[in-house]
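What follows is the residue order along each chain.
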Amino acid sequence: FERGLLTGRRVLITAGPTREAIDPVRYVSNHSSGKMGFALAEAAAEAGAAVTLVSGPVHLPTPQRVARIDVVSARDMLAACEGAMPCDILIAAAAVADYRPEAVASQKMKKDPGSDDGLTLRLVRNPDILATLAARADRPFSVGFAAETEHLLDYAARKLKSKNLDLIVANDVANPQIGFNSEDNAVSVIDRALQATRFEQASKGQIARQLIAFIAARYH
Ligand code: PMT
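Quick caveat: nothing in here was measured; it's all calculated off a predicted structure.

J.: Describe the site of the ligand, and please don't skip the residues or the numbers.
T.: The environment of the ligand is made up of 27 residues, and the closest members are S33, K35, A92, I129 and L130. Residue contributions to the shell around the ligand peak at four residues, all from strand β9 (residues 141-148). Here the shell around the ligand is built from residues that sort into 14 nonpolar, nine polar and four charged.

J.: A description of helix α5 (residues 204-219) should follow, citing residues and the corresponding values.
T.: Between its terminal C-alpha atoms α5 stretches 21 Å, which fits the 22 Å expected from 16 residues at 1.5 Å a residue. Of all the residues in α5, the buried ones are K204, I207, A208, R209, L211, I212, I215 and A216. Elements that come into contact with the buried residues of α5 comprise α1 (35-46), β6 (89-92), β9, β10 (167-172), β11 (184-191) and β12 (196-203).

J.: Break down the UniProt feature "binding site: CTP" (unreviewed entry) in the chain for me, citing the residues and quoting the values.
T.: Following the UniProt record, the feature "binding site: CTP" (unreviewed entry) maps to D98, K108, P127, D128, I129, L130, F145, K159 and K163 here. On the basis of their most widely separated C-alpha atoms, the annotated residues across 66 residues do not gather in one place, lying as much as 37.2 Å apart. With respect to the secondary-structure elements, P127 resides in the loop between β8 (123-125) and α3 (129-134). When sequence neighbours within four positions are dropped, the list of residues in contact with P127 reads A74, R75, L78 and T132. Take D128: it is sitting in the loop between β8 and α3.

Calculation criteria
- Residues numbered from 1 in each chain as written.
- Predicted model: local features only at pLDDT ≥ 70, side-chain atom pairs only at ≥ 80, totals over all residues.
- Near = placed C-beta within 6 Å.
- Helix = DSSP H or I, 4+ residues; strand = E, 2+ residues; numbered from the N terminus.
- Nonpolar A, V, L, I, M, F, W, Y, C, P; charged D, E, K, R; others polar.
- Expected span 1.5 Å × (residues − 1).
- Buried ≥ 20, exposed ≤ 12 C-beta atoms within 10 Å, placed from the backbone.
- Contact = placed C-beta atoms within 7 Å.
- UniProt positions renumbered as here; feature names shortened; annotations may be inferred.

This is how it looks when you write it as structure tokens:
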């Protein structure tokens with residue numbers, strides 16, 4: 001792992017989950033811990049990049065020499081990323097909520113004491129942060145992640161195409177040892193020629209350093 005690999009490059013990284021409010025005390029979210037994105041931010045900074053890390057709500061310390069912006073919802077994350085543009089390389093490791101409640105109740109929602117009826121929440125689509133940034137005129141070298149529980153390489157390749165990415169990191173999240181909130185990861189990186197490169201199970205810190213070296217080589 002070469003230290004000067006990304007000197008002078010601006011790298012924007014998203015990490016963690018997003019939280020989509022239902023009312024002032026409840027939300028829709030997922031199990032992302034932010035570990036993968038934070039490890040990537042640390043590795044990119046070690047490689048000499050100027051790193052901006054846009055993170056959803058997580059319990060992790062900020063890596064050294066990384067500029068961190070904390071956000072809550074997907075729409076906040078998009079606005080923070082747009083504010084951090086332009087950049088040379090974008091790495092989207094965040095598990096962004098695809099949907100949010102259509103309406104946010106201004107007060108805590110109360111049960112109807114007179115009935116046992118369920119509650120139907122109507123959800124609407126969130127913006128796609130990665131696809132939005134990869135579609136800009138000042139488009140960065142764009143790297144996505146694909147968290148899948150089946151048809152891993154096929155679904156990841158589809159996301160590479162539909163979001164117009166340079167690389168996608170396929171992450172099999174059906175395996176609890178290498179997905180959400182785990183210490184380790186194991187991934188395959190797919191390029192535009194649909195060539196897959198495998199990175200065997202290792203700590204997220206080690207996988208992050210291998211990914212940063214691979215991304216830097218493809219970027220240059
Ligand atoms: O945070 P950890 O606990 O360490 O776990 C790591 C991880 C499993 C979250 C990470 O390795 C990972 O796979 N992140 C992507 C999770 C995901 O939501 O993937 P997706 O297949 O839904 O999205 C595809 C890509 O589009 C991702 O790069 C995602 O950041 C991006 N996206 C998705 C939806 C959206 N509205 N905006 C986006 O930018």
